[in-house]
Amino acid sequence: MAKKYLIETFGCQMNVHDSERMAGLLEQAGFEATDEAADADVVVINTCSVRERAEEKLYTRLGELRIMASEQGHDPVVAIAGCVAQQEGEAIFKRSAGVADVVIGTQAIRRLPMLVEQAARPDADRLSLIDLNPYDDVTFPLGVTRRADPVKAYVTIIEGCNEFCSFCVVPYTRGHERMRPKADILAEVREAADSGHPEVQLLGQIVNHYEAPEDPACDFTGLLEAVHEVPGIERIRFASPHPRHFTRRFLEAMRALPKICRHLHLPVQSGSTRVLESMRRRYTRESYLDLVDRIRESLPDVALSTDMIVGFPGETERAFGETLSLVEHVRYHSMFSFKYSPRPNTLADKRLPDGVPEDEKTRRIVALQAAQRAIQSELNAALVGTQVDVLVDAASRRRDTEVSGRTSQNVVVNMPGPAAWIGRTITVAVERAGAHSVWGQAGRYAD
Ligand code: SF4
């Protein structure tokens, strides 16, 4: 009987995609997927350390696996991957009290099957079951990735980041910025289209910094133009562009190329120029708002989303007020917002005291999220009575007669319909709206 694996993923789309790659590698080595740790011969926990809470989840989960081993006698090989693995390394063995068997860094996942096999041997030596090497190789064998999403295919274009924003752990956990060859990217996009994925999402910490290593004349816009030519791809998304790297040519291409979705995730992090400076974001409130104006002038139907941190060191009440006023001004369609927590090794952790009290951070995030929810509700309510094109991507977990999908602007639309619609673009008449999604009836393209 084939051995079984379970991968549990925390964190960003980059981690989700790394899990898809690790699943493919384990299947190549003869493992089969399972949803239950109690059934698994190997459990991989793909961790995130961008927020403190995400890191705590690893140790909570390891505690649960320890209880499973002592109460049920089932003791699978446990491999820790992702940013916490890269950051904590060997210390995870000690802190997990013997539950973790393998620690594998973000750039070493191709060695996972080998380390898992070694760990299963009775004479395995723990110290040889750790690989944190920051390999520079950004290639990945074509056809191995086991894509979890039937509609959207993630394709990495850049690994790592050189920006060193003062709050961010990514340059330490994912290494310096490395561009993937354009030929590799296009081969993977073709493979995704051939395996029935109508949507591709290009991934990188700063996608619009892309420059093809084999063709320096090809920047991110050139790459988008090439991806646009791939037959079978109907929608192109990407995450995330950096506000500092927008060009006129990019905005013109976005307007001219219909497969590029009308959605831009434009991380701002704060509405205060002074806070942005101590975050080392290298733009100001004014230059960000100027960019928003240029984007909206060029793409009037674009939806914007963002990331925001509240309670960063030195964020006064006035600075937080500037964040609120920026949100009211830009009117984002969605937002990921977080309370600041110092991350190990970062410049903010070393140099900026975490001075905003926890209850004040909580008060600020509650106020920010309430403001954002009101804006989202209004933007979604404006869709009621209109028709929108929706690429159906999921069946409802609660009702088997309902499906959902997304508009080009990334608005989630729910509708009655069969799971057979997944992968099809349906025109939907929107009838009602909430803060996070809208509901409607399928129109003219439905069966
Ligand atoms: Fe982190 Fe800044 Fe790089 Fe984004 S741009 S990954 S926030 S260092």
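Calculation notes
Residues numbered from 1 in each chain as written. Predicted model: local features only at pLDDT ≥ 70, side-chain atom pairs only at ≥ 80, totals over all residues. Heavy atoms only, no water. 1 Å grid on protein atoms, 1.4 Å probe; cavity = no way out; pocket = protein on both sides within 12 Å on 5 of 7 lines; lining within 4 Å. Points joined across faces, edges and corners; volume = space filled by probe spheres on them. Helix = DSSP H or I, 4+ residues; strand = E, 2+ residues; numbered from the N terminus. Nonpolar A, V, L, I, M, F, W, Y, C, P; charged D, E, K, R; others polar. Near = heavy atom within 4 Å. Expected span 1.5 Å × (residues − 1). Buried < 20%, exposed > 50% of the residue type's maximum accessible area, 1.4 Å probe, protein only. Contact = heavy atoms within 4.5 Å. Axes fitted to C-alpha atoms, helices over the stretch in contact; angles between N-to-C directions. Parallel < 35°, antiparallel > 145°, perpendicular 65-115°, else oblique. Core = buried A, V, L, I, M, F, W, Y, C linked by side-chain atoms within 4.5 Å. Pairing = 2+ DSSP bridges. Left-handed = near helix turned anticlockwise from the far one by under 90°. Phe/Tyr/Trp six-rings, centres within 6.5 Å; stacked < 30°, edge-to-face > 60°.

Caption draft 1: How the structure looks around the layout of surface pockets. In this structure, the second largest pocket encloses a volume near 290 Å³. Around the second largest pocket, the lining comprises 13 residues; the ones closest to its centre are Ile7, Ser19, Ala23, Arg146 and Ala148. Put simply, the parts of the chain that give the lining of the second largest pocket at least two residues each are β1 (4-9) and α1 (13-28). A class-by-class count of the residues in the lining of the second largest pocket yields seven nonpolar, three polar and three charged.

Caption draft 2: Structural detail: the site of the ligand. Every residue close to the ligand is listed here: Cys161, Glu163, Phe164, Cys165, Phe167, Cys168, Val170, Pro171, Gln205, Ile206, His242 and Arg281. Classifying every residue of the shell around the ligand gives eight nonpolar, two polar and two charged.

Caption draft 3: Seen up close, unusual backbone geometry. The omega angle of the peptide bond from alanine 239 to serine 240 is -10°, so this bond is cis rather than trans. Relative to the helices and strands, serine 240 is located in the loop between β13 (235-239) and α9 (248-256). The backbone of phenylalanine 164 shows a phi angle near 50°, a positive value even though the residue is not glycine. Secondary-structure assignment places phenylalanine 164 in the loop between β8 (158-159) and α6 (170-173).

Caption draft 4: Structural detail: helix α2 (residues 52-72). Compared with an ideal rise of 1.5 Å per residue, which puts 21 residues at 30 Å, α2 spans 31 Å between its outermost C-alpha atoms and is within 8% of the ideal. For α2, the complete set of buried residues consists of Ala54, Glu55, Leu58, Tyr59, Arg61, Leu62, Gly63, Leu65 and Met68. Summarising the contacts, the buried residues of α2 are in contact with β1, β3 (42-47), β4 (77-81), α3 (82-88) and α4 (91-95). With its phi angle positive at about 70°, glycine 73 sits one or two positions after the end of α2.

Caption draft 5: Summary view of the packing of helix α11 (residues 285-298) against helix α12 (residues 317-330). Between α11 and α12, whose axes approach to 12 Å, the crossing angle comes to 10°. Classified by the interaxial angle, the pair formed by α11 and α12 is roughly parallel. Across the interface between the two elements, Arg285, Tyr288, Leu289, Val292 and Arg296 of α11 pack against Glu322, Ser325, Leu326, His329 and Val330 of α12. Among the residues making up the contact of α11 with α12, the classes are represented as five nonpolar, two polar and three charged.

Caption draft 6: A look at the nonpolar core. Counting residues in hydrophobic clusters, the biggest one holds 68 residues, and the most contacted among them are Leu202, Phe220, Phe238 and Ile295. Ignoring any residue separated from it by four or fewer positions in sequence, one finds phenylalanine 220 in contact with Ile157, Leu202, Val207, Asn208, Tyr210, Phe238 and Phe250. By size, the runner-up hydrophobic cluster in this structure holds 22 residues, among which are Leu58, Val78, Phe93 and Val99.

Caption draft 7: View of the side chain of threonine 156. Tracing the backbone through its elements, the reader meets threonine 156 in strand β7 (residues 152-156). Among residues more than four places away in sequence, those in contact with threonine 156 are Met14, His17, Arg21, Arg180, Ile185 and Leu203.

Caption draft 8: Structural detail: the sheet that holds strand β15 (residues 303-310). Taken together, the three strands give an open sheet; going across it, the order is β14-β15-β16, and neighbouring strands pair in parallel fashion. Edge strands, defined here as strands with exactly one partner in the open sheet, are β14 (263-265) and β16 (334-339). Shown here is a sheet whose adjacent strand axes are inclined to one another by a mean of 10°, direction ignored. The pairing of β14 with β15 spans three bridges and is parallel. Note on β15: the bridge partner recorded for histidine 263 is alanine 303.

Caption draft 9: Up close: empty space enclosed by the protein. Summed over all chains, the structure comprises two cavities of 30 Å³ or more. Volume-wise, the largest cavity comes out at about 40 Å³. Estimated volume of the second largest cavity: approximately 30 Å³. Along its surface, the second largest cavity is lined by Phe140, Pro141, Leu142, Gly143, Thr145, Arg147, Arg180, Glu188 and Glu191. Classifying every residue of the lining of the second largest cavity by side-chain character gives three nonpolar, two polar and four charged.

Caption draft 10: Just the packing of helix α8 (residues 220-228) against α9, in detail. Orientation of α8 relative to α9, taken along the N-to-C sense of each, is 15°, at an axis distance of 9 Å. By the angle between their directions, the pair α8 and α9 is classed as roughly parallel. For the crossing formed where α8 meets α9, the hand is left-handed. Contacts between α8 and α9 involve Phe220, Thr221, Gly222, Leu224 and Glu225 from the first element and Arg249, Phe250 and Ala253 from the second.

Caption draft 11: Focus on the packing of aromatic side chains. For the structure on display, the rule yields eight aromatic pairs. With 6.0 Å between their ring centres and 25° between their planes, phenylalanine 220 and phenylalanine 250 make a pair best called stacked. Residue phenylalanine 220 is located in helix α8, and its partner phenylalanine 250 is located in helix α9; the two are separated by 30 residues in the primary sequence. Its relative accessible area of 2% is what places phenylalanine 220 among the buried residues. Residue classification places phenylalanine 250 among the buried positions, given a relative accessible area of 3%. A centroid spacing of 5.0 Å and a plane angle of 75° characterise the contact between phenylalanine 312 and tyrosine 340, whose relative ring orientation is edge-to-face.

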